[in-house]
Structure formats: structure tokens, C-alpha cells
Amino acid sequence: SSLVPPAALPPHTYCPPYLQRVGFSLAFGVATWAFSTGDVRNGAGIATGASLSWSLIYLTFHARKSLRAPRHPIPLALTAGATTCVALYGTEYLLYQS
């Protein structure tokens, strides 16, 4: 989603600011790197922290904007993706601790 410039969206469609999208992508890049080194616990923790903080901020301030008409798939996908990541990585990090 960080590759989609705001000008590509239809008018009156809300999408988070570009720097927030890039930062979220970078946080998941670091989590992916942690997973690739075999450190599953820290990778899940990084992904959970990034997802949870970004999701709560995004949903608190912008959920109404992204759900109002006219709806566009990109903001809806961002919301659904962030919520899914919190659920998956949060389960790994908080419930399946060794």
C-alpha cells in the first residue's frame, strides 16, 4: 500500500498519509528479517507491536473516514489487513509463548 500514491485514489477517498504507510511497511520488513534469522518470538513481537499500535491509531482516528461512502478497496484492505495481522501475530506472541 505504500506504493499507491494518494493521487491514484478517487476524490473523497481516505487513505492514511504516505509516511505512515511507509513506516508500517518498514516495521513489517524488520519483523520479516527477525523471522528470517530464526527468531520467531521477537519477529512476532515486532509484528504485533507494529500492527497493534498502527491499527489502534488508524481505527481510532480514521475508521469512520474509510468506512464512509464512497468506499474504496484500498482503505478497507488496509484496515482488514492490519486487524488480521494483530490477530495472527498477537496469538503467536501472547498465547503460544514457550
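Calculation notes
- Position numbers for residues count from 1 along each chain, tracking the sequence in the order it is written.
- Local features in this predicted model are restricted to residues whose pLDDT is 70 or higher, and side-chain atom pairs enter the listing and the counts only when it is 80 or higher, whereas totals over whole chains, interfaces and linings include all residues.
- Hydrogens are left out, water is left out, and the side-chain values use all remaining heavy atoms of the structure.
- Put simply, DSSP marks the helices as runs of H or I at least four residues long and the strands as runs of E at least two long, and each gets a number from the N terminus on.
- Exposure categories follow from relative accessible area, calculated using a 1.4 Å probe and restricted to protein chains: below 20% of the type maximum is buried, above 50% is exposed, and the middle band is partly exposed.
- Working rule for contacts: check all heavy atoms of both residues, and any pair within 4.5 Å makes them a contact.
- Working convention: axes come from line fits to C-alpha atoms, limited for helices to the stretch in contact. Angles between N-to-C directions cover 0 to 180 degrees.
- Every angle not falling under 35 degrees, over 145, or within 65 to 115 is termed oblique; those three ranges are roughly parallel, roughly antiparallel and roughly perpendicular.
- Each crossing is labelled by how the near helix is turned from the far one, with a counterclockwise turn of less than a right angle marking it left-handed and a clockwise turn marking it right-handed.
- Polarity classes work like this: nonpolar for Ala, Val, Leu, Ile, Met, Phe, Trp, Tyr, Cys and Pro, charged for Asp, Glu, Lys and Arg, and polar for all others, with Gly in that last group.
- Only residues whose relative accessible area exceeds 30% and that form no salt bridge enter a patch; like-charged residues are grouped when within 9 Å of one another, and nonpolar side chains (Val, Leu, Ile, Met, Phe, Trp, Tyr) when within 5 Å.
- Per-residue and other accessible areas follow the Shrake-Rupley method at a 1.4 Å probe size, with only the shown protein chains counted as cover for residues.
- Here, a salt bridge means any side-chain nitrogen of Lys or Arg that lies within 4 Å of a carboxyl oxygen of Asp or Glu.
- Residue-level confidence of the predictor is summarised by pLDDT, bounded by 0 at the bottom and 100 at the top.

1. Focus on the overall build of the protein
Then step 1. Regarding its fold elements, the protein presents 3 helices and 0 strands.
Then step 2. Ordered by position from the N terminus, the helices and strands of the protein form the series α-α-α.
Then step 3. Within the protein, buried positions represent 31% of all 98 residues.
Then step 4. Look at the contacts in the protein between residues 6 or more apart in sequence, and 62% of them connect residues 24 or more apart.

2. Remarks on the packing of helix 1 (residues 18–36) against helix 3 (residues 73–95)
Relative placement of two packed helices is described by the angle separating their axes and the distance separating the axes.
Then step 1. The N-to-C vectors of helix 1 and helix 3 enclose an angle of 30°; their axes lie 14 Å apart at closest approach. As judged from the angle between their axes, helix 1 and helix 3 are roughly parallel. For the pair helix 1 and helix 3, the sense of crossing is left-handed. Contacts between helix 1 and helix 3 involve Arg21, Phe24, Phe28 and Phe35 from the former and Leu78, Ala82, Cys85 and Tyr89 from the latter.
Then step 2. Along the lines of polarity and charge, the residues of the contact of helix 1 with helix 3 split into 7 nonpolar, no polar and 1 charged.

3. Focus: a nonpolar patch on the surface
Then step 1. Residues Val30, Trp33 and Ile46 make up a contiguous nonpolar surface patch of roughly 300 Å² in combined accessible area.
Then step 2. Among the secondary structure elements, Trp33 is positioned in helix 1.

4. Quick word on the confidence of the model for the protein
Predicted coordinates in regions of low pLDDT should not be interpreted in detail.
Then step 1. Summary statistics for the protein give a mean pLDDT of 75 and a share of 84% for residues scoring 70 or more.
Then step 2. When mean pLDDT is compared element by element in the protein, helix 1 scores highest at 83, while helix 2 (residues 40–67) scores lowest at 74.

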